[in-house]
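Survey of secondary and tertiary structure
This is what each chain is made of:
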Amino acid sequence: MPERIAGVTRQQYRDAMARLGAAVNIVTTDGPAGRHGFTASAVCSVTDTPPTLLVCLNKGSSASAVFHANGVLCVNTLAAGHEALSNLFGGRTPPAERFAAAQWKVSATGAPMLVDAVAAFDCRIVRTVEVGTHDVLFCEVVGLAEGGVPHGLIYFSRRYHAIRGGHGGGDE
């Protein structure tokens, strides 16, 4: 007889996921439905042919309808020092106040691109899959920008951590 696998509670899952370090991103959009943005660590590469990444978006968030209606987004990877901006986009602050706290340029899709992001991925949403409380947005990357910022920002164990980028083997 096969072993029965015990279920995993929501809190156990959340606690374990807190131990999975991830880059901190601000995901933005602009278009007919307006401008909006949110902080996300649930972003990852899917394939490089065509360049595609995925973004997980809470279906119950104030941003959800805006992102779906606009059909475009920009994933702005944050640098060390962007902790306050991350918190602002992760809270209940109105979108206009969120965007007033940083410098943005308009990407090719029209989505706001953070001027001092470590990297920015300008995307069209090409597919959406519903999974539980979230939509998984598959996004084709149509433009890129890389900043000259040497320090990234990750979220691990429910805290921000600055990380230093290297250039392959030498001391900086």
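Residues numbered from 1 in each chain as written. Predicted model: local features only at pLDDT ≥ 70, side-chain atom pairs only at ≥ 80, totals over all residues. Heavy atoms only, no water.

**As for the nonpolar core**
Counting 15 residues, the largest nonpolar core has Val 27, Phe 38, Val 55, Leu 73 and Cys 139 as the members making the most contacts within it. Secondary structure elements with two or more residues in this core: β3 (36–40), β5 (51–58), β6 (72–77), β9 (119–131) and β10 (134–146). Residues in contact with Leu 73, not counting those within four places in the same chain, are Val 27, Thr 28, Val 55, Phe 67, Thr 109, Ala 111, Phe 121, Asp 122, Cys 123, Ile 125, Leu 137 and Cys 139. If you look at the next biggest cluster of nonpolar residues, it comprises 10 residues, including Leu 78, Phe 89, Ala 117 and Leu 153. (Core = buried A, V, L, I, M, F, W, Y, C linked by side-chain atoms within 4.5 Å. Buried < 20%, exposed > 50% of the residue type's maximum accessible area, 1.4 Å probe, protein only. Helix = DSSP H or I, 4+ residues; strand = E, 2+ residues; numbered from the N terminus. Contact = heavy atoms within 4.5 Å.)

**Considering the confidence of the model for the chain**
Averaged over the chain, the pLDDT score is 92; the fraction of residues at 70 or greater is 93%. Considering only residues more than four positions removed or in separate chains, one finds that residues 168–172, a stretch of pLDDT under 50, has four contacts. (pLDDT = per-residue confidence, 0-100.)

**Topic: the pattern of salt bridges**
Side chains that differ in charge, positive against negative, can pair when their charged atoms come close. The final tally for this structure, using the stated rule, is three salt bridges. The partner of Asp 15 in a salt bridge is Arg 158, with the nearest N and O atoms 2.8 Å apart. Of this pair, Asp 15 sits in helix α1 (residues 10–17) while Arg 158 sits in the loop between β11 (151–156) and β12 (159–164), and the two are 143 residues apart along the sequence. Classification of Asp 15 as partly exposed rests on a relative accessible area of 35%. In this structure, Glu 140 engages Arg 124 in a salt bridge whose closest nitrogen and oxygen atoms are separated by 3.7 Å. One end of the pair, Glu 140, is in strand β10; the other, Arg 124, is in strand β9, with 16 residues separating them in the sequence. (Salt bridge = Lys/Arg side-chain N within 4 Å of Asp/Glu carboxyl O.)

**Description of the sheet that holds β10**
Strand order in this open sheet of seven strands is β3-β2-β6-β9-β10-β5-β4, and the pairing throughout is antiparallel. What marks the edges here is a single partner per strand, and that holds for β3 and β4 (43–48). For this sheet, the mean angle separating the axes of adjacent strands, direction not counted, is 30°. Examined bridge by bridge, β9 and β10 share 12 bridges and lie antiparallel to one another. (Pairing = 2+ DSSP bridges. Axes fitted to C-alpha atoms, helices over the stretch in contact; angles between N-to-C directions.)

**Quick word on unusual backbone geometry**
With an omega of -10°, the peptide bond between Thr 49 and Pro 50 qualifies as cis. For Pro 50, the position within the fold is in the loop between β4 and β5. Not every positive phi belongs to a glycine, and Ser 157 is a case in point at roughly 55°. For Ser 157, a relative accessible area of 28% translates into the label partly exposed. Notably, Arg 158 is not glycine yet its phi reads approximately 60°, a positive angle.

**Looking at the packing of aromatic side chains**
Summed over all chains, the structure comprises five aromatic pairs. Centre to centre, the rings of Phe 89 and Phe 99 are 5.2 Å apart; their planes meet at 90°, and the pair counts as edge-to-face. A residue pair is termed long-range when its members are at least 10 positions apart, and Phe 89 in helix α3 (residues 83–90) and Phe 99 in helix α4 (residues 95–100) qualify at 10 residues. Judged by centre distance (5.2 Å) and plane angle (70°), the rings of Tyr 155 and Tyr 160 are edge-to-face. Looking at Tyr 160, the relative accessible area reads 25%, which means it is partly exposed. Through pairs of rings, three or more aromatic residues link up here, namely Phe 89, Phe 99 and Trp 104. Positioned over the ring face of Phe 99 is Arg 35, at 4.1 Å from the centre of the ring. It is Arg 127 that lies over the ring of Phe 138; its NZ or CZ is 5.8 Å from the centre. (Phe/Tyr/Trp six-rings, centres within 6.5 Å; stacked < 30°, edge-to-face > 60°. Lys NZ or Arg CZ within 6 Å of the ring centre and 35° of its normal.)

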